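Structural overview for review
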Amino acid sequence: MKHLLKMLDLSTDEIIDILNLADQLKYEQKHGIAHRLLEGKTLGCIFQKASTRTRVSFEVGMYQLGGYPMFLSSNDLQIGRGEPVEDTARVLSRYLDGIMIRTYKQQEVEDLARFGTIPVINGLTDFSHPCQILADLMTIREYKGRLDGLKLCFVGDGNNMMNSLIVGGLKVGMKVAVACPEGYEPDSRVLDFAAEVGGFELYRDPRGAARGADVVITDVWASMGMEADAAKRREAFASFKVDSEVMEYAKSDAIVQHCLPAHKDEEISSSVFEAHSAEIFEEAENRLHAQKAVLVKLLSK
Ligand code: CP
Ligand code: NVA
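Description of the structure in this document.

What counts as what
Residues numbered from 1 in each chain as written. Chains lettered and ligands numbered in written order. Predicted model: local features only at pLDDT ≥ 70, side-chain atom pairs only at ≥ 80, totals over all residues. Heavy atoms only, no water. Near = heavy atom within 4 Å. Polar contact = N/O pair within 3.5 Å; in protein donor to acceptor, adjacent residues only side chain to side chain. Areas by Shrake-Rupley, 256 points an atom, 1.4 Å probe, with all protein chains shown as cover. Phe/Tyr/Trp six-rings, centres within 6.5 Å; stacked < 30°, edge-to-face > 60°. Helix = DSSP H or I, 4+ residues; strand = E, 2+ residues; numbered from the N terminus. Buried < 20%, exposed > 50% of the residue type's maximum accessible area, 1.4 Å probe, protein only. Lys NZ or Arg CZ within 6 Å of the ring centre and 35° of its normal. 1 Å grid on protein atoms, 1.4 Å probe; cavity = no way out; pocket = protein on both sides within 12 Å on 5 of 7 lines; lining within 4 Å. Points joined across faces, edges and corners; volume = space filled by probe spheres on them. Nonpolar A, V, L, I, M, F, W, Y, C, P; charged D, E, K, R; others polar. Sits in = over half its atoms within 2 Å of the grid points. Salt bridge = Lys/Arg side-chain N within 4 Å of Asp/Glu carboxyl O. Axes fitted to C-alpha atoms, helices over the stretch in contact; angles between N-to-C directions. Parallel < 35°, antiparallel > 145°, perpendicular 65-115°, else oblique. Left-handed = near helix turned anticlockwise from the far one by under 90°. Contact = heavy atoms within 4.5 Å. Core = buried A, V, L, I, M, F, W, Y, C linked by side-chain atoms within 4.5 Å. Expected span 1.5 Å × (residues − 1).

Here we look at the site of ligand 1
The full set of residues close to ligand 1 is Ser51, Thr52, Arg53, Thr54, Arg102, His129, Gln132, Cys259, Leu260 and Arg287. At 2.7 Å from an oxygen atom of ligand 1 is found a side-chain nitrogen or oxygen belonging to Thr54. Contact with the protein chains hides 95% of the accessible area of ligand 1, taken as 250 Å² for the molecule alone.

Set out below in structure tokens:
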């Protein structure tokens, strides 16, 4: 593994390896065992969109591993004024040991990796959010003791989260069922992958997708960059929320995941959110551990 660009690129073994290392790093951190595996390494963190979890967990993760995280806002970089990605990639490769980037187009992340000579980590694009999915899989395994054979349900928009959870879930042997309104389906590359491997179902009713689920996941109806569409989306998604009625269809011990930030009483009812807050905030914490594992795998060579 040279980069972390999208879940489609990872093999099942690579995913499980990252999760195993993440578990180990979490355990060791909780027991006061420090690792300075990235001493002297610098990670550039480019943000073209807002972030709480991704920014803080990457900065803290690099610091804990003995490296240095450099926050790079696109408002200040020349890339924000039109300097080509291929030039930015070639320049940054001469200073940094790795790049984490949060942006709009997946192609920009792919181009950074293609033109640069250092590892690139996707910190979220409109297409994909692989760091989040690794933290989600880590959390699900922590709660359920396994991944293979579980049923994952996602209710909501066919966005970066749905795209990446379908691929990540299927790759680790889960059954994946999603519910979304017409016109808000996941990306066709993801649907093609799902059709090829099997174990995937798409519903127009959240109750169908939630039936027998071990884990129920949702995300905002309007992702970053889609704010202008929010009113239209509120209408389209009105019946695509995770509430106690939908949870009735899931297994009685089902866990809930939400990548956060949550719009409570839109995509998830406040009562379901609070009833499952332990799992949801463990998921947020696991961003740190999962990303430390990714950083070690990519940067410590
Ligand atoms: N879940 C997630 O990526 O959160 P941030 O947008 O706060 O980074
Ligand atoms: N789908 C959301 C995820 C935020 C972490 C977005 O892209 O805004």
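A look at the packing of aromatic side chains
Taken as a whole and assessed by the stated rule, the structure comprises five aromatic pairs. With 6.0 Å between their ring centres and 15° between their planes, Trp221 and Phe237 make a pair best called stacked. Taken together, the residues span a long stretch of sequence, with Trp221 in the loop between β8 (215-218) and α9 (230-236) and Phe237 in the loop between α9 and α10 (244-249) at a distance of 16 residues. Among the residues examined, Phe237 registers a relative accessible area of 0% and is labelled buried. Note on Phe237 and Phe240: the rings are 6.4 Å apart at their centroids and 80° apart in plane angle, and the pair reads as edge-to-face. For the pair Phe237 and Phe240, one class covers both residues: buried. Over the aromatic face of Phe127 sits the side chain of Arg189, whose NZ or CZ is 4.1 Å from the ring centroid.

Some details on empty space enclosed by the protein
Sizing a probe to match a water molecule and rolling it over the atoms shows the empty space that remains. Under the criterion given, the structure shown has one cavity of 30 Å³ or more. Considering only enclosed or pocket space, the largest cavity measures out at about 40 Å³ in volume. Taken together, Lys6, Met7, Leu8, Phe127, Ser128, Asn163, Ser164, Val167 and Val190 make up the lining of the largest cavity. The residue inventory of the lining of the largest cavity, partitioned by class, reads five nonpolar, three polar and one charged.

Looking at the site of ligand 2
All residues adjacent to ligand 2 are Leu124, Asn159, Asn160, Asp219, Val220, Ser223, Met224, Cys259 and Leu260. One of the side-chain N or O atoms of Asn159 is found 3.3 Å from a nitrogen atom in ligand 2. Taking Asp219, its side chain carries an N or O atom lying 2.6 Å from a nitrogen atom of ligand 2. For ligand 2, the accessible surface in isolation is 270 Å², of which the surrounding protein chains cover 93%. Here ligand 2 occupies the largest pocket. For the shell around ligand 2, the residue count by class is five nonpolar, three polar and one charged.

Some remarks on the pattern of salt bridges
Counting across every chain of the model gives 22 salt bridges. We note a salt bridge from Arg141 to Asp23, for which the minimum N-O separation is 2.8 Å. Linking Arg141 in helix α5 (residues 130-144) with Asp23 in helix α1 (residues 12-30), this pair joins segments that are 118 residues apart in sequence. Owing to a relative accessible area of 29%, Asp23 belongs among the partly exposed residues under this scheme. The structure contains a network of salt bridges with shared partners spanning Asp157, Asp229, Lys232 and Arg233.

Digging into the layout of surface pockets
Of the volumes computed, that of the largest pocket is approximately 430 Å³. If you go around the largest pocket, you meet 27 residues; those closest to its centre are Val220, Ser223, Met224, Leu260 and Pro261. Where the lining of the largest pocket is concerned, the elements lending two or more residues are α2 (53-64), α6 (160-171) and α9. It is α9 that provides the largest number of residues to the lining of the largest pocket, a total of three residues. Of the residues assigned to the lining of the largest pocket, the class counts are eleven nonpolar, eight polar and eight charged.

So, the packing of α6 against helix α7 (residues 188-197)
Taken N-terminus to C-terminus, the directions of α6 and α7 make an angle of 20°; their axes are 10 Å apart at the nearest point. Judged on the interaxial angle alone, α7 and α6 are roughly parallel. Seen along the crossing, α6 lies across α7 with a hand that is left-handed. Contacts from Asn163, Ile166, Val167, Leu170 and Lys171 of α6 reach α7 at Val190, Phe193, Ala194 and Val197. Partitioned by chemical class, the residues of the contact of α6 with α7 number seven nonpolar, one polar and one charged.

Describing the nonpolar core
Formed by 56 residues in total, the largest nonpolar core has its most connected members in Ile121, Leu134, Ile166, Met174 and Leu295. Beyond its immediate stretch of four places on either side in the chain, Ile121 contacts Leu4, Phe58, Ile99, Met100, Ile101, Cys131, Val294, Leu295 and Leu298. Within the second largest apolar cluster, 24 residues are counted, among which are Trp221, Phe237, Val256 and Phe273.

Things to note about α5
The end-to-end C-alpha separation of α5 is 21 Å, in line with the 21 Å expected for 15 residues at 1.5 Å each. In terms of burial, α5 is a largely internal element, 13 of the 15 residues being buried. Residue Gly145 follows α5 closely and has a positive phi angle near 80°.

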